Structure formats: C-alpha cells, structure tokens
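Single-letter residue listing:
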Amino acid sequence: MNEKLERLLSYEPTPYVIRLPARFRECSFNNFDWANQNPKTWETILDFVEDRLVDANGMPKGLYFYGPFGVGKSHLLSSLYRVMVHKFGEVCEMEYISFADLISEIKARFGPNGNASEFEIEMKEKDYLFLDDITAIRLTDYAAEVFDRFVQYRYDHGKRMLITAQSPLSKLSVDDHARSRLFEMCVLLEIKGQDKRLG
Ligand SMILES: Nc1ncnc2c1ncn2[C@@H]1O[C@H](COP(=O)(O)OP(=O)(O)OP(=O)(O)O)[C@@H](O)[C@H]1O
Ligand SMILES: [Mg+2]
C-alpha cells in the first residue's frame, strides 16, 4: 500500500459516540474504498490531519470535497471529523453539521430584533466547521446570505471550513464574494467513483 495512505489509515477515529448523523457514525478511512481516488486526495487529507495545510501567508487551509451523488464525500468528511475529534477534540472546538440543518437551526433560533442567535455565533466561531452537503438545499437568498456571513467571518479569522458539494466550486450557486474567498480558504478535492447507493 502507498506509504502516505498507510499513514493516514493509522490515525484512529475517536472511540466515543459523538454528534454525527447515524449513517456516518461508523465511517472511517479504513472502511473507505480508495481505489478510484487520486493520490492527491489522501496526501492532502494527511497534510490536513498533520496540520501542515497552510497557504502562502501561513493561514490554515480547509478542504472542499466535490463529486457526484453517492461517491463517498460525506463518508470522507465524517471519517476526517472522527479522526480530528480524536486528535484535537480536547483543545479545539469542532462541529459537523449538514448545511440544511445549519440553515434550519439558524432560522428557528433567530434572535430578537434580527440579531444573530447564540447558535449562529457559536457555529461561526468553531475552530473547525465540517459543513456537509452545501448543495443539498437550493441556495435561496436566505441560505446564500447565511453562507456568505459564515465564509466572510471564517475567512477574516483564519478558521478552517470543510465542505462537501456536488458541484465544483466554480459552479456552486453562491455569491462570488463567498466563492472568491473559498478558493483561497480551501484545497479542492474531486472525489471520483460510481454512486455506491445504486450498488
Ligand atoms: N469509496 C467508498 N468506500 C466505502 N463506502 C462508500 C464509498 N463511497 C460511498 N460509500 C458508502 O455509500 C454511501 C453513500 O456515500 P456518501 O453518503 O458518503 O456519498 P456522498 O458522496 O456524500 O453523496 P451525496 O452527494 O448524495 O451526499 C454511504 O453509506 C457510504 O458509506
Ligand atoms: Mg453526502
């Protein structure tokens, strides 16, 4: 096996039950079939886990996984989350949430006088934010606005975003303001393969 992939697989996921959708609770790099993936994918994830993924200015970079339905993007994101919780969970704040849930929670908890809720502030400030399936809901004006606020805040504060989407970033239906920042904030990784749900 490739040496870097082997090293990535040696990172243990947290043994604890953490807040993750039931479907992804047991996902790990070890039960992911890497056969279709480009070595750049595991090399970049390894750099991320080992805290080496920074841009030319030394700002930490996140990851943007994209590819068609059912190829394992959420599997990889949740596997990475479990490893990160194990490695840094005691010293860093991190959260895994689907974009659809983030939007509905923010809508439900919007504070009085239109102020951002505690929940929104808390989510914005997480050291690591794992945002699953950004294209699952149509980016309405409202969702696009919330997303833009998150990207802006996290860009300004050098906080990592980890995102999965079906579309490449160039085609994601977000404001160009957010897109431009995300290009700088994330390494883009194309996940390849067939839809595993179709067998
Ligand atoms: N390469 C893979 N190795 C092992 N299991 C996989 C792989 N790809 C997908 N799966 C499994 O197939 C199912 C679908 O994968 P997943 O939900 O990660 O797809 P996705 O790329 O996030 O799709 P979508 O864009 O529809 O959200 C999951 O149960 C996942 O564990
Ligand atoms: Mg998914």
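Residues numbered from 1 in each chain as written. Chains lettered and ligands numbered in written order. Predicted model: local features only at pLDDT ≥ 70, side-chain atom pairs only at ≥ 80, totals over all residues.

*Asks:* Give a description of the packing of helix H6 (residues 141-156) against helix H7 (residues 176-185) that names residues and reports values.
*Replies:* Their axes nearest at 9 Å, the elements H6 and H7 cross at an angle of 40°. Relative to H7, the element H6 is oriented oblique. The way H6 lies across H7 gives a crossing that is left-handed. Of the residues in H7, those touching H6 at Phe-147, Asp-148, Val-151 and Tyr-155 are His-177, Ala-178, Arg-181, Leu-182 and Met-185. (Axes fitted to C-alpha atoms, helices over the stretch in contact; angles between N-to-C directions. Helix = DSSP H or I, 4+ residues; strand = E, 2+ residues; numbered from the N terminus. Parallel < 35°, antiparallel > 145°, perpendicular 65-115°, else oblique. Left-handed = near helix turned anticlockwise from the far one by under 90°. Contact = placed C-beta atoms within 7 Å.)

*Asks:* Outline the nonpolar core, supporting the account with residue identities and numerical values.
*Replies:* Soluble globular proteins: nonpolar side chains tend toward being buried together. By size, the foremost hydrophobic cluster in this structure holds 46 residues, and its most contacted members are Leu-131 and Leu-162. Mapped by element, the contributors of at least two residues to this core are helix H2 (39-49), strand S1 (62-66), helix H3 (73-88), helix H4 (99-108), strand S3 (128-132), H6, strand S4 (160-165) and H7. Broken down by element, this core gets its largest block of residues, seven residues, from H3. With residues up to four places along the chain from it excluded, the contact list for Leu-162 reads Gly-62, Leu-63, Leu-77, Leu-80, Tyr-128, Leu-129, Phe-130 and Leu-131. (Core = buried A, V, L, I, M, F, W, Y, C linked by C-beta atoms within 7 Å. Buried ≥ 20, exposed ≤ 12 C-beta atoms within 10 Å, placed from the backbone.)

*Asks:* For the pairing of S1, give the residues involved together with the corresponding values.
*Replies:* In terms of residue burial, S1 counts as a mostly covered element, since five of its five residues are buried. Side chains Gly-62, Tyr-64 and Tyr-66 of S1 all project onto a buried face; the interleaved residues Leu-63 and Phe-65 project onto the opposite face, where all are buried too. The sheet contact formed by S1 and strand S5 (residues 186-190) spans five bridges and is parallel. Bridged to Tyr-66 within S5 is Glu-190. Two elements, S1 and S4, share four bridges in a ladder whose sense is parallel. Bridging across to S4, Tyr-66 finds its partner in Ala-165. (Pairing = 2+ DSSP bridges.)

*Asks:* Quick rundown of the sheet that holds S1? Include the residues and the values.
*Replies:* Strand order in the open sheet formed by five strands is S2-S3-S4-S1-S5, and the pairing between neighbours is parallel. The open sheet is flanked by strand S2 (94-98) and S5, the only strands paired with a single partner. Taken pair by pair, the neighbouring strands of this sheet meet at an average axis angle of 10°, ignoring direction.

Any functional reading would require information that these geometric values do not contain.
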